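# What the coordinates show
Next come the chains, spelled out residue by residue.
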Amino acid sequence: MSEYILELRGISKTFPGVKALDDVNFNLKPGEIHSIMGENGAGKSTLIKIMTGVYIADEGQMFFNGESVVIKNTNDSQRLGIAAIYQYVTSYPDLSVTENIFIRHEKVHPITKKIRWKAMHQAASELLRQLGASFDPRTRMGTLSVAQQQIVEIAKALSVNARIIIMDEPTAALSNRESEELYRVTEKLRNDGVAIIFISHRMEDFYRLADRVTVLRDAKYIGTWNKSDIDHDKLVMAMVGREITQMFPKRSVRIGKEILRVENLGREGYFKDISFNLHKGEILALTGLVGAGRTELCESLYGIAPFDEGAIWFDGKQVKFRHPREALDNGLGYLPEDRLGHGLVLDWELFRNVSLPALKEFSFRGFLSLMKEIRKTKEFGERLEVKATSVFDKAATLSGGNQQKIIVAKLLTADLKVIILDEPTKGVDVGAKTAIFDIMGDLAEMGYGIIMISSEMVEVLGLSDRIVVMKEGRVTAVLNTAHTSQEQILRSALGSANGEVNHGK
């Protein structure tokens, strides 16, 4: 009897012009959480699709409980007890929870062939109870949160006796509280003997949950480690092929004149007495715990939500932008945290997204110049190393990191002086993070003033010149990065929020 419930040896898969997997190995033990990590394009999705029968491997062998198997389609994988749960739940929103759980394998009376609704509702209730969920199985699926819908998907997998559950980026769309709920459910499944394959870009997912990790890079198998045998730096090195110190290209940039000054800014219910300044060529980090008011502050700077008190000076003039268009016209740009909802028009081509903030620059006598849009998009695409087949690709088809680069390209088409980046690396892999860090360094060298909102202490310390720490809508510290430790930032984020500011030296 094999110690592995699932084992893949020497798996290779080629698509026209692309080697998606090259001699990849993977094994999974019963009752473990095994993380698969790697950059976008590393081969994670292709490997999962081979496990679930969406693709058939060109080469290699697959074993289930030590016996050789061939998975030709999704029905084969389901018969083996393999189920997959994806970041974006593909449910039926107008049907009940019970109907979503038992769709295509409904409980029916053996003689009358009528659906046994009472038995199905009871079975659904029991599955939800096992997972610690309290909502009624008669609830319409579309009224549930994303986290609750994922729990329903897990219940659906358990209803067909799944022994292996694959979770593909399940926390990407969840809040911290919802992620904790998913962690709890996942750990319970492991304790009940279910084998979990957990795919995520987030390091905190791995350290919080996994027993082992397998790393893929450039379609190749790099290695498998117990969590206790690999630290953060070694894991990053395995994923990107370079030391973590090379990921933060902090450059020596001459800091110029003051470009932005905020004095005693307040917005009732969100933040109060906020004061700081920003210079040309400077990267200023805004950090703090969830609910600190960082995003709300920047929305007021950008004219999305008006502030109630205080003043803003921009390029030497006092301003109060009533609309984002005013902010953009005056040279202030904003990259929102929700790039899909607020940063891009997903159904539009790349060139249309890039030209959107500065249509005047691409038009003549009221008509847009397609050639100008294409030329500028190609220029920024090459400069930012955007991976796309052409400027006619829809924004929705790009990876998270490349979508983020397109939003930066949008900002660069406008005549800006200050750029606000709200969690610019959220949800992207470590390779894309490095590219975004490079872009920020380029922008600082070009004289842009940059405000970076980030919850990642390593990013804050690795990239910024100064750090503004907030808690509960107040500034608790303004720190010089060169003389600051992670412990100091955390103490300030947890410390006084009464308006007494610690100005670090």
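Refer to the structure above for everything that follows.
What this report covers is the structure whose coordinates are included nearby.

Criteria and thresholds
- Residues numbered from 1 in each chain as written.
- Predicted model: local features only at pLDDT ≥ 70, side-chain atom pairs only at ≥ 80, totals over all residues.
- Heavy atoms only, no water.
- Helix = DSSP H or I, 4+ residues; strand = E, 2+ residues; numbered from the N terminus.
- Rg over C-alpha atoms; globule rule 2.2 N^0.38 Å.
- Buried < 20%, exposed > 50% of the residue type's maximum accessible area, 1.4 Å probe, protein only.
- Contact = heavy atoms within 4.5 Å.
- 1 Å grid on protein atoms, 1.4 Å probe; cavity = no way out; pocket = protein on both sides within 12 Å on 5 of 7 lines; lining within 4 Å.
- Points joined across faces, edges and corners; volume = space filled by probe spheres on them.
- Nonpolar A, V, L, I, M, F, W, Y, C, P; charged D, E, K, R; others polar.
- Patch = residues over 30% accessible without salt bridge, like charges linked within 9 Å, V, L, I, M, F, W, Y side chains within 5 Å.
- Areas by Shrake-Rupley, 256 points an atom, 1.4 Å probe, with all protein chains shown as cover.
- Salt bridge = Lys/Arg side-chain N within 4 Å of Asp/Glu carboxyl O.
- Expected span 1.5 Å × (residues − 1).
- Phe/Tyr/Trp six-rings, centres within 6.5 Å; stacked < 30°, edge-to-face > 60°.
- Pairing = 2+ DSSP bridges.
- Axes fitted to C-alpha atoms, helices over the stretch in contact; angles between N-to-C directions.
- Core = buried A, V, L, I, M, F, W, Y, C linked by side-chain atoms within 4.5 Å.

## Thoughts on the overall build of the protein chain
Across its full length, the protein chain carries 17 helices and 23 strands. The globule rule puts the C-alpha radius of gyration for 505 residues at 23 Å, and the 25 Å found for the protein chain is close to it. Principal-axis analysis of the C-alpha atoms places the extent of the protein chain at approximately 80 × 55 × 50 Å. Across the 505 residues that make up the protein chain, the buried fraction comes to 51%. Contacts spanning at least 24 positions in sequence make up 66% of the contacts within the protein chain whose residues lie at least 6 apart.

## Here's the deal with empty space enclosed by the protein
For the structure on display, the rule yields 5 cavities of 30 Å³ or more. By volume, the second largest cavity amounts to about 50 Å³. Taken together, Leu260, Leu301, Ile312, Phe314, Val319, Phe321, Leu332, Val418, Ile420 and Ile451 form the lining of the second largest cavity. Of all the secondary structure elements, the ones that give two or more residues to the lining of the second largest cavity are strand S14 (309–314) and strand S19 (418–422). Taken together, the residues that form the lining of the second largest cavity break down as 10 nonpolar, no polar and no charged.

## A closer look at a nonpolar patch on the surface
A cluster of nonpolar side chains, Val108, Ile115 and Trp117, forms an exposed patch at the surface whose accessible area comes to about 240 Å². Of note, isoleucine 115 is situated in the loop between helix H3 (97–102) and helix H4 (117–130).

## Topic: helix H6 (residues 176–191)
Compared with an ideal rise of 1.5 Å per residue, which puts 16 residues at 22 Å, H6 spans 22 Å between its outermost C-alpha atoms and is within 8% of the ideal. Looking only at H6, the buried set comprises Glu178, Ser179, Leu182, Tyr183, Val185, Thr186, Leu189 and Arg190. Positive backbone phi, at 95°, marks glycine 193, one or two positions downstream of H6.

## Considerations on the packing of aromatic side chains
For any pair of aromatic rings, the description consists of the separation of the ring centres together with the inter-plane angle of the planes. Applying the stated criterion across every chain yields a total of 5 aromatic pairs. Ring geometry for tyrosine 302 and tyrosine 334: centres 5.3 Å apart, planes at 50°, overall tilted. In this pair, tyrosine 302 sits in the loop between helix H9 (294–301) and S14 while tyrosine 334 sits in strand S16 (residues 332–335), placing the two residues 32 residues apart along the sequence. We note that tyrosine 302, like tyrosine 334, is buried.

## Here we look at the pairing of strand S4 (residues 59–64)
Of the pairings in the sheet, the one linking strand S1 (residues 6–15) to S4 comprises 5 bridges and is antiparallel in character. The residue of S4 that forms the bridge with glutamate 7 is phenylalanine 63. Here S4 folds back onto strand S5 (residues 67–69), and the loop between the two strands holds 2 residues, one of which, asparagine 65, carries a positive phi near 50°.

## Brief notes about the pattern of salt bridges
A complete count under the given rule lists 25 salt bridges for this structure. With its nearest N and O atoms 3.7 Å apart, the salt bridge here joins lysine 13 to aspartate 58. One end of the pair, lysine 13, is in strand S1; the other, aspartate 58, is in the loop between helix H1 (44–51) and S4, and 45 residues separate them in sequence. Glutamate 181 is the partner of arginine 184 in a salt bridge, and the nearest nitrogen-oxygen pair spans 2.7 Å. Taken together, the residues span about one helical turn, with arginine 184 and glutamate 181 both in helix H6 at a distance of 3 residues. For arginine 184, a relative accessible area of 31% translates into the label partly exposed. Residue glutamate 181 is classed as partly exposed on the basis of its relative accessible area, which comes to 28%. Salt bridges here are not isolated pairs; linked through shared partners, they connect Glu180, Glu187 and Arg208.

## Quick notes on the environment of phenylalanine 64
Positionally, phenylalanine 64 belongs in strand S4. For phenylalanine 64 and alanine 124, which are 60 residues apart along the polypeptide, the C-alpha to C-alpha distance reads 29 Å. Not counting chain neighbours up to four residues away, the residues in contact with phenylalanine 64 comprise Ile5, Leu6, Val69, Leu80, Arg163 and Ile164.

## Examining the sheet that holds strand S15 (residues 317–319)
In space, the 4 strands of this open sheet follow the order S12-S11-S14-S15, with antiparallel pairing throughout. Across the chains shown, the open sheet's two edge strands, defined by having one partner strand only, are strand S12 (271–279) and S15. The mean inter-strand angle of the sheet, taken between neighbouring strand axes irrespective of direction, is 20°. In the sheet, strand S11 (residues 258–267) pairs with S12 via 6 bridges, with the strands oriented antiparallel. Residue pairing in the sheet places leucine 260 in a bridge with leucine 278 of S12.

## Some words on the nonpolar core
Buried together is how nonpolar side chains tend to be arranged in soluble globular proteins. Leu260, Leu265, Ile274, Phe276 and Ile451 are the most contacted members of the largest nonpolar core, which totals 72 residues. In this structure isoleucine 451 touches Leu260, Phe276, Leu278, Leu284, Leu286, Cys298, Leu301, Ile419, Ile420 and Leu421, once residues within four positions along its chain are discounted. Counting 46 residues, the second-largest nonpolar core is a separate cluster that includes Met37, Leu128, Ala133 and Ala157.

Such coordinate-based values are descriptive only and should not be taken to indicate function.
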